[in-house]
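Residue-level listing of the chains:
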Amino acid sequence: MRHDNDEIGTPRGPARVDTDLPAGPPRALLVLGHGAGGDVDAPDLRAVRDAAVAAGVAVVRVTQPYRLAGRRAPAPAGHLDEAWTAVVAQLRRRHPAVPALVVGGRSSGARVACRTAAAVGADAVLALAFPLHPPGRPERSRVAELATGLPTLVVNGDRDPFGVPDAGPPVLVIVRPGERHDLRGDPAGTAVVAVDWLRGHGWATGGSIGGP
C-alpha cells in the first residue's frame, strides 16, 4: 500500500485527501467521506480502505473543510456537496486512467456521496451507516437521497437508531447483526461485505486483506 496525503482547494476552503494506492493499476477509484462529527479514521472507513486497496482499488478518504478547520458541527448540506464535488473533480484529473469511480462514506458522508453522485459522474455508491432519519423521527425520511439510479450498497447495523432503508433495485441493503450506527463491532466484516460487492461489479480483484 502506498500512502500519501495533501490538501485540495474547494470553494469552501481546503479539504484534506488521504490516498492509498494498490501495488498494481487500480481497478476503481473509491472516494470516501466521514460522518458529521467524525473523521476518516473511523474503524469502518479504515477497514474498507485496507480491504479495498488489497483488492486492487485506489482509495481516497476526504476530510471536509469544516473538519480540517477544527469544527465539529457540520457545514450546511449545500456547502458539503460543493466542497465534495470540487474534490472529486480534482481526483478524477489526478487518476485519469482508473476505469471506474465509486463514491461513498459513512453517515453524513454517505448522504453527500448520494446527493452528488450524478454530478460527479460516479459509477456507483457505497453508503455505510446511511442515516435514514434522525433518531426517533421516522417521518423525516431521507430515502429520496438514495434514488441515484446507480448501483448502491447500503451497509447498516440492525441496532442503528437512525434506521435502515429498504432495498430495491438498484439499491442493495446489507444489515449487520448487532451493529449500531458506528459499525464498530466488526469493521473487518463490514469491509468484506463492501469489497465483495465491488468485486461482483468487476471493480476489485480477488485479493484479500493483507494479501496480493
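Residue positions are counted from 1 within each chain, in the order its sequence is given. A pLDDT threshold of at least 70 governs which residues receive local features in this predicted model, and a stricter bar of 80 or more applies before side-chain atom pairs are shown or counted, although totals over entire chains, interfaces and linings include all residues. Side-chain measures were taken over the full set of non-hydrogen atoms in the model, leaving aside hydrogen atoms and water.

Observations regarding the overall build of the chain
In step 1: A helix here means a DSSP run of H or I that spans at least four residues, while a strand means a run of E at least two residues long, and both kinds are numbered starting from the N terminus. On a plain count of helices and strands, the chain comes out with 5 helices and 8 strands.
In step 2: Starting at the N terminus and ending at the C terminus, the chain contains elements arranged as β-β-β-α-β-α-α-β-α-β-β-β-α.
In step 3: In this setup the radius of gyration rests on C-alpha atoms only. A globule is expected at 2.2 Å times the number of residues raised to 0.38. Taken over the C-alpha trace, the chain has a radius of gyration of 16 Å; the compact-globule value for 212 residues is 17 Å, and the two agree within 12%.
In step 4: In terms of overall dimensions, the chain has a C-alpha envelope of 45 × 35 × 30 Å along the principal axes.
In step 5: A buried classification covers 51% of the 212 residues belonging to the chain.
In step 6: Charge counting follows a simple rule: Lys and Arg are positive, Asp and Glu are negative, and His as well as the terminal groups are ignored. Charge coordinates come from a single atom per side chain, which is NZ of Lys, CZ of Arg, CG of Asp or CD of Glu. When the 24 basic and 21 acidic side-chain charges of the chain are each reduced to a single mean position, those positions are 3 Å apart. Buried residues are those whose accessible area, probed at 1.4 Å on protein chains only, stays under 20% of the maximum for their type, while exposed residues exceed 50% and partly exposed ones sit between those limits.

Overview of the packing of helix 1 (residues 43-54) against helix 5 (residues 187-200)
In step 1: Only C-alpha atoms enter the line fits that serve as axes; for helices the fit covers just the stretch in contact. Angles between N-to-C directions range over 0 to 180 degrees. Two numbers describe how helix 1 lies on helix 5: the axes approach to 8 Å, and their chain directions differ by 50°. Between helix 1 and helix 5, the angle falls in the class oblique. When you trace helix 1 past helix 5, the crossing you get is right-handed. Residues P43, D44, A47, V48, A51 and A52 of helix 1 lie in contact with helix 5, whose contacting residues are P187, A188, A191, A194 and V195. Any angle from 65 to 115 degrees is called roughly perpendicular, while one under 35 is roughly parallel, one over 145 is roughly antiparallel, and all others are oblique. Left-handed describes a crossing in which the near helix is turned anticlockwise from the far one by less than a right angle; the clockwise case is right-handed. Only heavy atoms matter for contacts: two residues are in contact if any of them lie within 4.5 Å across the pair.

Side note on unusual backbone geometry
In step 1: Of note, the bond from P169 into P170 is cis; its omega dihedral lies within 30 degrees of zero at 0°.
In step 2: Within the element layout of this structure, P170 appears in the loop between strand 7 (152-157) and strand 8 (171-176).

Some details on helix 5
In step 1: Expected span of a helix, by definition, is 1.5 Å for each gap between consecutive residues, and there is one gap fewer than residues. An ideal rise of 1.5 Å per residue puts 20 Å on 14 residues; helix 5 measures up with 20 Å between its terminal C-alpha atoms.
In step 2: Restricting attention to buried positions, one finds in helix 5 the residues P187, G189, T190, A191, A194, V195, W197 and L198.
In step 3: Just beyond helix 5, the residue with positive phi is G202, at close to 85°.

With respect to the pairing of strand 4 (residues 57-63)
For a regular strand, side chains alternate in direction, first toward one face of the sheet and then toward the other.
In step 1: Within strand 4, 7 of the 7 residues are buried, which leaves the element mostly enclosed by the surrounding structure.
In step 2: Side chains of strand 4 alternate between two faces, with V57, V59, R61 and T63 and A58, V60 and V62 buried alike.
In step 3: One requirement defines pairing of two strands: DSSP has to find at least two bridges between them. In this structure, strand 2 (residues 15-21) lies alongside strand 4, joined through 5 bridges in antiparallel fashion. Paired with D18 across the two strands is R61, which belongs to strand 4.
In step 4: As paired elements, strand 3 (residues 28-33) and strand 4 share 6 bridges and run parallel to each other. Bridge pairing in strand 4 places L29 opposite A58.
In step 5: By convention, orient the strands away from the viewer: a clockwise path from the first strand over the helix to the second makes the crossover right-handed. Note on the crossover from strand 3 through helix 1 to strand 4: the handedness is right-handed.

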